[in-house]
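Examination of the molecular architecture
So you can see what is in the structure, the chains are spelled out below.
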Amino acid sequence: MVLEGNPEVGSPRTSDLQHRGNKGSCVLSSPGEDAQPGEDPIKYGELIVLGYNGCLASGDKGRRRSRLALSRRPHANGVKPDVMHHISTPLVSKALSNRGQHSISYTLSRSHSVIVEYTHDSDTDMFQIGRSTENMIDFVVTDTSPGGGAAEGPSAQSTISRYACRILCDRRPPYTARIYAAGFDASSNIFLGERAAKWRTPDGLMDGLTTNGVLVMHPAGGFSEDSAPGVWREISVCGNVYTLRDSRSAQQRGKLVENESNVLQDGSLIDLCGATLLWRTPAGLLRAPTLKQLEAQRQEANAARPQCPVGLSTLAFPSPARGRTAPDKQQPWVYVRCGHVHGYHGWGCRRERGPQERECPLCRLVGPYVPLWLGQEAGLCLDPGPPSHAFAPCGHVCSEKTARYWAQTPLPHGTHAFHAACPFCGAWLTGEHGCVRLIFQGPLD
(Lines give C-alpha, C1' and ligand atoms only; values in the text may rest on other atoms or scores of the structure.)
Protein backbone atom coordinates (compact mmCIF):
# COMPACT_ATOMS: atom_id res chain seq x y z
CA MET A 1 0.00 0.00 0.00
CA VAL A 2 1.75 3.14 -1.19
CA LEU A 3 0.46 6.32 0.44
CA GLU A 4 0.50 9.93 -0.64
CA GLY A 5 3.44 11.48 1.17
CA ASN A 6 3.19 9.54 4.44
CA PRO A 7 3.82 5.78 4.80
CA GLU A 8 1.26 3.52 6.43
CA VAL A 9 1.89 0.42 8.45
CA GLY A 10 0.74 -3.17 8.80
CA SER A 11 1.52 -6.46 10.53
CA PRO A 12 0.03 -9.59 12.07
CA ARG A 13 -1.24 -9.51 15.59
CA THR A 14 1.45 -10.05 18.24
CA SER A 15 -0.69 -11.54 21.01
CA ASP A 16 -2.30 -14.12 18.73
CA LEU A 17 -2.88 -14.84 15.05
CA GLN A 18 -6.48 -13.71 14.93
CA HIS A 19 -5.79 -10.77 12.62
CA ARG A 20 -8.21 -11.02 9.69
CA GLY A 21 -8.97 -9.04 6.53
CA ASN A 22 -10.92 -9.09 3.25
CA LYS A 23 -11.77 -7.36 0.05
CA GLY A 24 -15.19 -6.35 -1.19
CA SER A 25 -17.96 -3.96 -0.33
CA CYS A 26 -20.10 -3.92 2.76
CA VAL A 27 -23.28 -5.97 2.60
CA LEU A 28 -26.07 -4.15 4.40
CA SER A 29 -29.14 -6.15 3.51
CA SER A 30 -28.20 -9.50 1.97
CA PRO A 31 -28.96 -12.41 4.32
CA GLY A 32 -26.12 -14.55 5.62
CA GLU A 33 -25.61 -18.24 4.94
CA ASP A 34 -27.72 -19.23 7.96
CA ALA A 35 -30.52 -16.73 7.36
CA GLN A 36 -33.81 -17.96 5.96
CA PRO A 37 -35.47 -16.24 2.98
CA GLY A 38 -37.31 -13.16 4.15
CA GLU A 39 -35.31 -12.86 7.38
CA ASP A 40 -33.25 -9.81 8.20
CA PRO A 41 -29.48 -10.29 7.99
CA ILE A 42 -27.49 -10.67 11.19
CA LYS A 43 -26.28 -7.21 12.20
CA TYR A 44 -22.86 -6.90 13.86
CA GLY A 45 -23.31 -3.24 14.77
CA GLU A 46 -23.48 0.28 13.39
CA LEU A 47 -20.92 3.03 12.87
CA ILE A 48 -22.05 6.64 13.34
CA VAL A 49 -19.85 9.57 12.35
CA LEU A 50 -19.96 12.36 14.91
CA GLY A 51 -20.91 15.82 13.71
CA TYR A 52 -23.63 15.24 11.10
CA ASN A 53 -26.83 14.85 13.13
CA GLY A 54 -28.25 11.99 11.09
CA CYS A 55 -27.25 12.86 7.51
CA LEU A 56 -24.35 14.32 5.55
CA ALA A 57 -24.87 17.88 4.36
CA SER A 58 -24.79 16.65 0.76
CA GLY A 59 -27.00 13.65 1.56
CA ASP A 60 -26.17 10.03 2.37
CA LYS A 61 -25.12 8.30 -0.85
CA GLY A 62 -23.79 4.77 -1.23
CA ARG A 63 -20.71 4.18 0.91
CA ARG A 64 -20.39 7.87 1.81
CA ARG A 65 -22.88 8.46 4.62
CA SER A 66 -23.11 9.49 8.26
CA ARG A 67 -24.20 6.07 9.51
CA LEU A 68 -23.50 2.53 8.30
CA ALA A 69 -24.75 -0.84 9.49
CA LEU A 70 -22.34 -3.76 9.29
CA SER A 71 -24.18 -7.00 8.56
CA ARG A 72 -23.13 -10.56 7.98
CA ARG A 73 -21.96 -11.17 4.42
CA PRO A 74 -23.40 -13.94 2.23
CA HIS A 75 -19.98 -15.61 2.21
CA ALA A 76 -17.03 -15.23 4.57
CA ASN A 77 -14.19 -13.19 3.11
CA GLY A 78 -11.84 -12.78 6.06
CA VAL A 79 -8.12 -13.50 5.96
CA LYS A 80 -5.62 -14.39 8.67
CA PRO A 81 -1.80 -14.41 8.92
CA ASP A 82 -0.16 -17.43 7.40
CA VAL A 83 3.52 -17.25 6.43
CA MET A 84 6.27 -14.74 7.22
CA HIS A 85 9.10 -14.15 4.71
CA HIS A 86 12.42 -12.34 5.21
CA ILE A 87 13.43 -11.07 1.78
CA SER A 88 15.68 -8.61 0.02
CA THR A 89 14.14 -5.42 -1.32
CA PRO A 90 14.23 -6.35 -5.05
CA LEU A 91 11.78 -9.14 -4.30
CA VAL A 92 9.31 -6.86 -2.54
CA SER A 93 7.64 -5.57 -5.70
CA LYS A 94 7.27 -9.11 -7.00
CA ALA A 95 5.73 -10.33 -3.76
CA LEU A 96 3.30 -7.42 -3.66
CA SER A 97 2.22 -7.78 -7.27
CA ASN A 98 0.06 -10.85 -6.60
CA ARG A 99 -3.40 -9.32 -6.23
CA GLY A 100 -4.89 -12.63 -5.17
CA GLN A 101 -2.63 -12.86 -2.10
CA HIS A 102 -3.23 -10.56 0.88
CA SER A 103 0.02 -9.49 2.49
CA ILE A 104 1.64 -6.94 4.78
CA SER A 105 5.09 -5.62 3.97
CA TYR A 106 7.53 -4.17 6.53
CA THR A 107 10.53 -2.31 5.15
CA LEU A 108 13.23 -2.60 7.80
CA SER A 109 16.04 -1.18 5.67
CA ARG A 110 16.97 -0.77 2.02
CA SER A 111 18.22 -4.34 1.93
CA HIS A 112 15.79 -6.10 4.25
CA SER A 113 12.01 -6.43 4.34
CA VAL A 114 9.56 -8.73 6.05
CA ILE A 115 6.40 -9.82 4.24
CA VAL A 116 3.56 -11.59 6.02
CA GLU A 117 1.20 -13.49 3.74
CA TYR A 118 -2.44 -14.06 4.66
CA THR A 119 -4.78 -16.93 3.96
CA HIS A 120 -8.58 -17.18 3.80
CA ASP A 121 -10.46 -17.25 7.11
CA SER A 122 -13.95 -18.73 6.85
CA ASP A 123 -14.89 -17.59 10.36
CA THR A 124 -14.76 -13.81 9.90
CA ASP A 125 -15.99 -10.85 7.88
CA MET A 126 -13.98 -7.69 7.49
CA PHE A 127 -15.12 -4.14 6.75
CA GLN A 128 -12.63 -1.47 5.73
CA ILE A 129 -12.90 2.24 6.51
CA GLY A 130 -10.95 5.10 4.97
CA ARG A 131 -10.85 8.19 2.79
CA SER A 132 -10.37 6.26 -0.46
CA THR A 133 -13.37 5.73 -2.74
CA GLU A 134 -11.92 2.51 -4.17
CA ASN A 135 -14.13 -0.56 -4.07
CA MET A 136 -12.33 -2.28 -1.20
CA ILE A 137 -13.38 0.54 1.17
CA ASP A 138 -16.79 -0.22 2.71
CA PHE A 139 -17.25 3.08 4.54
CA VAL A 140 -15.85 6.24 2.92
CA VAL A 141 -15.11 8.83 5.61
CA THR A 142 -14.01 12.43 5.03
CA ASP A 143 -12.70 15.05 7.45
CA THR A 144 -15.33 16.65 9.66
CA SER A 145 -15.01 20.34 10.47
CA PRO A 146 -16.57 21.87 13.61
CA GLY A 147 -20.13 22.84 12.82
CA GLY A 148 -21.17 19.65 11.05
CA GLY A 149 -19.60 19.99 7.62
CA ALA A 150 -16.90 18.31 5.60
CA ALA A 151 -13.62 20.08 4.91
CA GLU A 152 -13.80 21.46 1.38
CA GLY A 153 -11.61 23.31 -1.05
CA PRO A 154 -8.19 22.62 -2.60
CA SER A 155 -6.37 23.86 0.50
CA ALA A 156 -8.18 21.43 2.78
CA GLN A 157 -5.73 18.51 2.96
CA SER A 158 -7.15 15.43 4.63
CA THR A 159 -5.45 13.84 7.61
CA ILE A 160 -7.52 10.65 7.31
CA SER A 161 -5.68 7.76 5.70
CA ARG A 162 -6.97 6.36 2.43
CA TYR A 163 -6.98 2.95 4.11
CA ALA A 164 -7.46 3.98 7.74
CA CYS A 165 -8.63 0.88 9.60
CA ARG A 166 -10.59 -2.34 9.41
CA ILE A 167 -13.17 -3.98 11.65
CA LEU A 168 -13.27 -7.77 11.77
CA CYS A 169 -16.40 -9.52 12.98
CA ASP A 170 -16.84 -13.14 14.01
CA ARG A 171 -19.55 -14.78 11.93
CA ARG A 172 -20.75 -16.84 14.89
CA PRO A 173 -22.23 -15.69 18.22
CA PRO A 174 -21.49 -13.52 20.08
CA TYR A 175 -20.37 -11.81 16.81
CA THR A 176 -17.37 -10.12 18.43
CA ALA A 177 -16.05 -7.09 16.51
CA ARG A 178 -12.37 -6.17 16.65
CA ILE A 179 -10.63 -3.11 15.23
CA TYR A 180 -7.20 -2.94 13.58
CA ALA A 181 -5.25 -0.01 12.20
CA ALA A 182 -4.66 0.20 8.42
CA GLY A 183 -6.49 -1.52 5.60
CA PHE A 184 -5.64 -3.53 2.51
CA ASP A 185 -5.33 -1.55 -0.72
CA ALA A 186 -6.45 -2.44 -4.26
CA SER A 187 -3.54 -4.86 -4.56
CA SER A 188 -4.55 -6.62 -1.31
CA ASN A 189 -1.50 -5.21 0.44
CA ILE A 190 -0.59 -3.10 3.45
CA PHE A 191 2.78 -1.40 3.12
CA LEU A 192 4.87 -0.16 6.03
CA GLY A 193 7.58 2.19 4.81
CA GLU A 194 11.05 2.55 6.25
CA ARG A 195 10.18 5.68 8.26
CA ALA A 196 6.97 4.36 9.82
CA ALA A 197 6.78 3.13 13.41
CA LYS A 198 7.28 -0.64 13.45
CA TRP A 199 9.01 -3.19 15.66
CA ARG A 200 9.63 -6.85 16.34
CA THR A 201 7.61 -8.37 19.13
CA PRO A 202 9.00 -10.70 21.81
CA ASP A 203 7.47 -13.69 20.03
CA GLY A 204 9.23 -12.87 16.77
CA LEU A 205 6.32 -11.27 14.90
CA MET A 206 6.01 -7.72 13.61
CA ASP A 207 3.70 -4.87 14.55
CA GLY A 208 3.37 -1.18 13.76
CA LEU A 209 1.31 2.01 13.82
CA THR A 210 -0.22 4.06 11.03
CA THR A 211 1.12 7.52 10.29
CA ASN A 212 -1.55 9.50 12.15
CA GLY A 213 -2.79 6.61 14.24
CA VAL A 214 -6.13 5.00 15.01
CA LEU A 215 -7.33 5.89 18.52
CA VAL A 216 -10.04 4.07 20.46
CA MET A 217 -11.86 4.93 23.69
CA HIS A 218 -14.14 2.44 25.43
CA PRO A 219 -16.64 4.10 27.81
CA ALA A 220 -16.66 3.04 31.44
CA GLY A 221 -19.93 1.41 32.42
CA GLY A 222 -21.07 0.82 28.86
CA PHE A 223 -23.01 3.32 26.77
CA SER A 224 -25.93 3.96 29.09
CA GLU A 225 -27.20 6.43 31.68
CA ASP A 226 -24.33 5.48 34.00
CA SER A 227 -21.57 5.87 31.38
CA ALA A 228 -18.38 7.78 31.96
CA PRO A 229 -15.61 8.50 29.43
CA GLY A 230 -12.77 5.99 29.31
CA VAL A 231 -9.10 6.45 28.40
CA TRP A 232 -7.96 7.02 24.82
CA ARG A 233 -5.62 4.32 23.49
CA GLU A 234 -3.92 3.64 20.17
CA ILE A 235 -4.60 0.47 18.20
CA SER A 236 -1.78 -1.14 16.21
CA VAL A 237 -2.06 -2.82 12.85
CA CYS A 238 -2.10 -6.15 14.64
CA GLY A 239 -4.85 -5.07 17.02
CA ASN A 240 -2.76 -4.56 20.13
CA VAL A 241 -3.46 -1.69 22.52
CA TYR A 242 -0.90 1.01 23.34
CA THR A 243 -0.84 4.22 25.31
CA LEU A 244 -0.83 7.37 23.17
CA ARG A 245 2.33 8.60 21.51
CA ASP A 246 3.79 11.99 22.49
CA SER A 247 2.22 13.40 19.33
CA ARG A 248 -0.10 11.88 16.77
CA SER A 249 2.61 10.96 14.22
CA ALA A 250 5.62 10.43 16.51
CA GLN A 251 7.78 7.45 15.52
CA GLN A 252 8.14 6.24 19.11
CA ARG A 253 5.20 4.05 20.14
CA GLY A 254 3.50 4.17 23.52
CA LYS A 255 3.55 1.40 26.11
CA LEU A 256 1.71 -1.87 25.53
CA VAL A 257 -1.49 -2.10 27.60
CA GLU A 258 -1.74 -5.84 28.18
CA ASN A 259 -5.01 -5.90 30.13
CA GLU A 260 -7.02 -4.13 27.37
CA SER A 261 -8.14 -5.41 23.99
CA ASN A 262 -9.26 -4.18 20.59
CA VAL A 263 -12.75 -5.64 21.00
CA LEU A 264 -15.33 -2.94 20.29
CA GLN A 265 -17.97 -2.31 22.94
CA ASP A 266 -21.26 -0.47 22.73
CA GLY A 267 -20.28 3.21 22.75
CA SER A 268 -16.64 2.73 21.72
CA LEU A 269 -15.24 5.78 19.94
CA ILE A 270 -12.87 5.40 16.98
CA ASP A 271 -10.81 8.42 15.95
CA LEU A 272 -9.18 8.49 12.50
CA CYS A 273 -7.44 11.88 12.85
CA GLY A 274 -10.05 13.99 11.12
CA ALA A 275 -13.26 12.13 11.92
CA THR A 276 -14.56 10.30 14.99
CA LEU A 277 -16.90 7.31 14.76
CA LEU A 278 -19.20 5.81 17.40
CA TRP A 279 -19.76 2.03 17.49
CA ARG A 280 -23.21 0.86 18.56
CA THR A 281 -24.11 -2.78 19.10
CA PRO A 282 -27.56 -4.15 18.20
CA ALA A 283 -28.34 -4.58 21.92
CA GLY A 284 -27.25 -1.01 22.63
CA LEU A 285 -29.39 0.38 19.83
CA LEU A 286 -32.44 -1.33 21.33
CA ARG A 287 -31.96 0.88 24.42
CA ALA A 288 -31.50 4.06 22.39
CA PRO A 289 -34.47 6.26 21.51
CA THR A 290 -36.02 5.79 18.09
CA LEU A 291 -36.70 8.52 15.57
CA LYS A 292 -40.38 8.05 16.33
CA GLN A 293 -39.70 8.71 20.02
CA LEU A 294 -37.65 11.82 19.21
CA GLU A 295 -40.49 13.12 17.06
CA ALA A 296 -43.00 12.40 19.84
CA GLN A 297 -40.81 14.41 22.25
CA ARG A 298 -40.71 17.31 19.79
CA GLN A 299 -44.47 17.32 19.45
CA GLU A 300 -44.93 17.06 23.22
CA ALA A 301 -42.59 20.02 23.79
CA ASN A 302 -44.49 22.08 21.23
CA ALA A 303 -47.85 21.02 22.67
CA ALA A 304 -46.86 22.67 25.96
CA ARG A 305 -46.91 25.97 24.02
CA PRO A 306 -43.80 27.57 25.57
CA GLN A 307 -43.71 31.34 25.22
CA CYS A 308 -41.11 34.00 24.87
CA PRO A 309 -41.11 35.66 28.33
CA VAL A 310 -40.65 39.09 26.75
CA GLY A 311 -42.44 39.03 23.39
CA LEU A 312 -45.07 36.53 24.61
CA SER A 313 -45.00 34.75 21.24
CA THR A 314 -45.53 30.97 21.16
CA LEU A 315 -42.37 28.98 20.42
CA ALA A 316 -42.08 25.67 18.56
CA PHE A 317 -39.21 23.40 17.54
CA PRO A 318 -39.14 23.03 13.74
CA SER A 319 -39.74 19.70 12.01
CA PRO A 320 -36.59 17.69 11.18
CA ALA A 321 -37.81 17.53 7.58
CA ARG A 322 -37.11 21.25 7.28
CA GLY A 323 -33.44 20.75 8.05
CA ARG A 324 -31.12 23.22 9.72
CA THR A 325 -31.87 26.25 7.59
CA ALA A 326 -32.49 29.82 8.72
CA PRO A 327 -34.57 29.89 11.94
CA ASP A 328 -38.25 30.62 11.46
CA LYS A 329 -40.37 33.04 13.50
CA GLN A 330 -41.35 30.42 16.11
CA GLN A 331 -37.84 29.05 16.57
CA PRO A 332 -36.80 29.01 20.25
CA TRP A 333 -33.54 30.79 21.07
CA VAL A 334 -31.45 30.42 24.21
CA TYR A 335 -28.93 32.42 26.21
CA VAL A 336 -26.39 29.65 26.65
CA ARG A 337 -24.90 31.05 29.86
CA CYS A 338 -28.14 31.01 31.83
CA GLY A 339 -30.45 28.74 29.82
CA HIS A 340 -33.38 31.18 29.50
CA VAL A 341 -35.34 30.42 26.33
CA HIS A 342 -36.79 33.27 24.26
CA GLY A 343 -38.07 33.97 20.80
CA TYR A 344 -35.73 35.86 18.53
CA HIS A 345 -35.24 39.56 19.27
CA GLY A 346 -32.72 42.16 18.26
CA TRP A 347 -32.02 43.95 21.52
CA GLY A 348 -29.35 43.38 24.15
CA CYS A 349 -26.41 43.17 21.74
CA ARG A 350 -22.91 43.55 23.16
CA ARG A 351 -20.98 44.05 19.96
CA GLU A 352 -17.81 44.91 21.82
CA ARG A 353 -17.78 41.26 22.93
CA GLY A 354 -18.79 39.68 19.63
CA PRO A 355 -21.79 39.58 17.26
CA GLN A 356 -23.50 36.72 19.13
CA GLU A 357 -23.08 38.20 22.60
CA ARG A 358 -26.37 39.32 24.14
CA GLU A 359 -27.57 40.32 27.60
CA CYS A 360 -30.40 38.16 28.89
CA PRO A 361 -33.34 40.46 29.80
CA LEU A 362 -34.29 38.18 32.71
CA CYS A 363 -31.02 37.68 34.57
CA ARG A 364 -28.63 40.15 32.85
CA LEU A 365 -25.97 37.51 32.11
CA VAL A 366 -24.08 38.23 28.88
CA GLY A 367 -23.22 35.41 26.52
CA PRO A 368 -23.96 33.73 23.19
CA TYR A 369 -27.58 33.88 22.03
CA VAL A 370 -28.32 31.06 19.57
CA PRO A 371 -31.29 29.18 18.07
CA LEU A 372 -32.18 25.76 19.51
CA TRP A 373 -32.08 22.66 17.30
CA LEU A 374 -33.11 19.16 18.33
CA GLY A 375 -30.49 16.43 18.08
CA GLN A 376 -31.78 14.01 15.43
CA GLU A 377 -29.15 11.23 15.47
CA ALA A 378 -30.76 8.85 17.95
CA GLY A 379 -27.69 6.60 18.12
CA LEU A 380 -25.75 9.36 19.87
CA CYS A 381 -28.21 9.46 22.77
CA LEU A 382 -27.53 7.57 26.00
CA ASP A 383 -31.17 7.43 27.04
CA PRO A 384 -34.66 8.37 25.80
CA GLY A 385 -34.97 11.20 28.31
CA PRO A 386 -36.76 14.47 27.46
CA PRO A 387 -34.89 17.22 25.55
CA SER A 388 -33.99 19.34 28.54
CA HIS A 389 -30.41 20.50 27.90
CA ALA A 390 -28.57 22.31 25.12
CA PHE A 391 -24.90 22.24 24.17
CA ALA A 392 -23.03 25.53 24.31
CA PRO A 393 -22.53 27.35 22.05
CA CYS A 394 -24.24 25.49 19.18
CA GLY A 395 -27.70 25.05 20.73
CA HIS A 396 -28.31 21.37 19.94
CA VAL A 397 -30.86 19.92 22.37
CA CYS A 398 -30.91 16.45 23.95
CA SER A 399 -31.49 14.71 27.29
CA GLU A 400 -29.56 15.68 30.42
CA LYS A 401 -27.63 12.36 30.57
CA THR A 402 -26.62 12.65 26.92
CA ALA A 403 -25.53 16.27 27.24
CA ARG A 404 -23.46 15.72 30.37
CA TYR A 405 -21.73 12.63 28.95
CA TRP A 406 -20.57 14.29 25.74
CA ALA A 407 -19.66 17.50 27.57
CA GLN A 408 -17.12 15.59 29.64
CA THR A 409 -15.78 13.42 26.78
CA PRO A 410 -12.59 14.84 25.25
CA LEU A 411 -12.33 14.13 21.52
CA PRO A 412 -8.95 14.13 19.71
CA HIS A 413 -8.12 17.21 17.68
CA GLY A 414 -4.96 17.73 15.65
CA THR A 415 -1.73 16.03 16.67
CA HIS A 416 -2.00 16.18 20.44
CA ALA A 417 -5.01 18.27 21.52
CA PHE A 418 -8.36 17.13 22.93
CA HIS A 419 -11.65 19.07 23.07
CA ALA A 420 -15.17 18.21 24.13
CA ALA A 421 -17.52 18.72 21.19
CA CYS A 422 -21.20 18.55 20.35
CA PRO A 423 -21.79 15.07 18.91
CA PHE A 424 -24.51 16.40 16.59
CA CYS A 425 -22.49 19.12 14.82
CA GLY A 426 -18.89 18.80 16.02
CA ALA A 427 -18.71 22.35 17.44
CA TRP A 428 -16.27 22.70 20.33
CA LEU A 429 -18.06 23.15 23.61
CA THR A 430 -17.56 26.26 25.72
CA GLY A 431 -18.51 27.48 29.15
CA GLU A 432 -18.02 25.90 32.54
CA HIS A 433 -20.06 22.77 31.83
CA GLY A 434 -20.31 22.68 28.03
CA CYS A 435 -24.09 22.48 28.25
CA VAL A 436 -26.96 24.27 29.98
CA ARG A 437 -30.37 23.33 31.35
CA LEU A 438 -33.15 24.97 29.35
CA ILE A 439 -35.56 27.24 31.23
CA PHE A 440 -38.84 27.62 29.38
CA GLN A 441 -41.64 30.09 30.09
CA GLY A 442 -45.06 28.39 30.08
CA PRO A 443 -48.17 29.97 28.58
CA LEU A 444 -49.98 32.62 30.60
CA ASP A 445 -53.20 31.57 32.34
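A few points on the structure. Because the structure is predicted, anything quoted here is derived from the model rather than measured. Every chain is numbered independently, its residues counted from 1 as its sequence is written. With pLDDT at 70 or above as the cut-off, local features in this predicted model cover only qualifying residues; side-chain atom pairs require 80 or more to be listed or tallied, and sums for whole chains, interfaces and linings still use all residues. Excluding hydrogens and water, the side-chain values take into account all heavy atoms of the structure.

With that out of the way, let us pick up the overall build of the protein chain. When its secondary structure is counted, the protein chain shows 4 helices and 29 strands. Put simply, the protein chain has 445 residues, and 54% of those count as buried. Of the accessible surface of the protein chain, which amounts to about 19600 Å², a share of 51% is contributed by carbon and sulfur atoms. Elements are defined by DSSP. Helices are runs of H or I of four residues or more, strands are runs of E of two residues or more, and each kind is numbered from the N terminus. With a 1.4 Å probe rolled over the protein chains alone, any residue whose accessible area is under 20% of its type maximum counts as buried; one over 50% counts as exposed, and the rest are partly exposed. Method for areas: the Shrake-Rupley scheme with a 1.4 Å probe, in which residue coverage is limited to the protein chains shown.

A pair is scored as a salt bridge if a Lys or Arg side-chain nitrogen falls within 4 Å of a carboxyl oxygen belonging to Asp or Glu. Under the definition given, this model contains 15 salt bridges. Glu-377 serves as the salt-bridge partner of Arg-67, at 2.3 Å between the closest nitrogen and oxygen. With Arg-67 in strand E2 (residues 67–71) and Glu-377 in the loop between strand E24 (373–374) and strand E25 (389–391), this pair connects stretches of sequence that are 310 residues apart. Classification of Arg-67 by relative accessible area gives partly exposed; the value is 25%.

Take the sheet that holds strand E19 (residues 276–280) next. A sheet is described by the order of its strands in space; here 7 strands give the open sequence E2-E1-E19-E18-E15-E16-E17, paired in antiparallel fashion. Each end of this open sheet is capped by a strand with a single partner; those strands are E2 and strand E17 (241–242). Pairing between strand E16 (residues 232–235) and E17: 2 bridges, direction antiparallel. Bridge assignment links Ile-235 to a residue of E17, and that residue is Val-241. When DSSP finds two or more bridges between a pair of strands, those strands are recorded as paired.

Right, let's talk about the sheet that holds strand E6 (residues 124–130) for a bit. Across the sheet, which stays open at both edges, the 4 strands sit in the order E7-E6-E10-E11 with mixed pairing between neighbours. Looking along the sheet, the strands with just one partner apiece sit at the ends: strand E7 (139–140) and strand E11 (177–181). Where strand E10 (residues 165–170) lies against E11, 5 bridges are found, and the strand directions are antiparallel. Across the sheet, Leu-168 pairs through a bridge with Arg-178, a residue of E11.

This part covers a nonpolar patch on the surface. Only residues whose relative accessible area exceeds 30% and that form no salt bridge are eligible for patches; like-charged ones are grouped when within 9 Å, while nonpolar side chains (Val, Leu, Ile, Met, Phe, Trp, Tyr) are grouped when within 5 Å. Among the surface-exposed residues, Val-310, Trp-347 and Leu-362 lie close enough to one another that they form a single nonpolar patch of about 270 Å² accessible area. Along the chain, Leu-362 turns up in the loop between strand E22 (357–359) and strand E23 (366–371).

Turning our attention to the packing of aromatic side chains. Only centres within 6.5 Å qualify two rings of Phe, Tyr or Trp (six-membered ring in Trp) as a pair; their planes then separate them into stacked at under 30 degrees, edge-to-face at over 60, and tilted for everything else. Scanning the model with the defined rule gives 13 aromatic pairs in all. Geometrically, the ring pair formed by Tyr-118 and Phe-184 is edge-to-face, given 5.7 Å between the ring centres and 80 degrees between the ring planes. Placement of Tyr-118 in strand E5 (residues 112–121) and of Phe-184 in the loop between E11 and strand E12 (189–192) is noted, with a sequence separation of 66 residues between them. Ring geometry for Phe-317 and Phe-440: centres 6.4 Å apart, planes at 70 degrees, overall edge-to-face. Taken together, the residues span a long stretch of sequence, with Phe-317 in the loop between helix H3 (291–303) and strand E20 (333–335) and Phe-440 in the segment after strand E29 (435–437) at a distance of 123 residues. Using a relative accessible area of 6% as the deciding quantity, one classes Phe-317 as buried. In this structure, Arg-253 is placed above the aromatic ring of Trp-199, and the distance from its NZ or CZ to the ring centre is 4.4 Å. The rule is short: NZ of Lys or CZ of Arg within 6 Å of the ring centre and within 35 degrees of the ring normal puts a charge over the ring.

Ranked by internal contacts, the top residues of the largest apolar core, which has 47 residues, are Leu-47, Ile-129, Ile-167, Ile-179, Ile-270, Leu-272 and Leu-277. A contact between two residues is defined here by any heavy atoms of the two lying within 4.5 Å. Other than its neighbours up to four places away in sequence, Leu-277 contacts Leu-47, Ile-48, Val-49, Ile-129, Phe-139, Val-141, Ser-268, Leu-269, Ile-270 and Leu-272. The term nonpolar core refers to a set of buried residues drawn from Ala, Val, Leu, Ile, Met, Phe, Trp, Tyr and Cys, joined through side-chain atoms within 4.5 Å. Membership of the second largest hydrophobic core comes to 27 residues, among which are Leu-380, Leu-382, Ala-407 and Cys-435.

Let's shift gears to H3. Under the convention used throughout, the expected extent of a helix is 1.5 Å for every residue step, that is, one less than its residue count. When the terminal C-alpha atoms of H3 are compared, their 18 Å separation across 13 residues agrees well with the 18 Å that a helix rising 1.5 Å per residue should span. The complete set of buried residues in H3 reads Leu-294, Gln-297, Arg-298 and Asn-302. Relative to the axis of H3, the buried residues are bounded by an arc of 130 degrees and lie together on one face. Exposed residues lying more than 90 degrees from the buried face of H3 are Lys-292, Glu-300 and Ala-303. Those residues of H3 that are buried are in contact with E24. To obtain the arc, one takes the directions from the helix axis to the C-beta atoms.

Let us look at unusual backbone geometry. With omega at 5 degrees, the peptide bond leading from Pro-173 into Pro-174 counts as cis. Assignment of secondary structure puts Pro-174 in the loop between E10 and E11. Along the chain, Ala-392 connects to Pro-393 via a cis peptide bond; the corresponding omega equals 10 degrees. Following the sequence through the fold, Pro-393 ends up in the loop between E25 and strand E26 (396–398).

Any two cysteine sulfur atoms within 2.5 Å of one another count as a disulfide. A full pass over the atoms with the stated rule returns 0 disulfides. Free of any disulfide, Cys-338 has its nearest neighbouring cysteine sulfur in Cys-363, separated by 3.6 Å. Owing to a relative accessible area of 13%, Cys-338 belongs among the buried residues under this scheme. Free cysteine: Cys-398, not disulfide-bonded; nearest cysteine sulfur from Cys-381 at 6.3 Å.

What follows is about the side chain of His-340. Inspection of the secondary structure assignment puts His-340 in the loop between E20 and strand E21 (341–342). Note on His-340: relative accessible area 15%, which makes it buried. The residues touching His-340, leaving out its near neighbours within four places in the chain, are Trp-333, Val-334, Tyr-335, Cys-360, Leu-362, Cys-363 and Ile-439.

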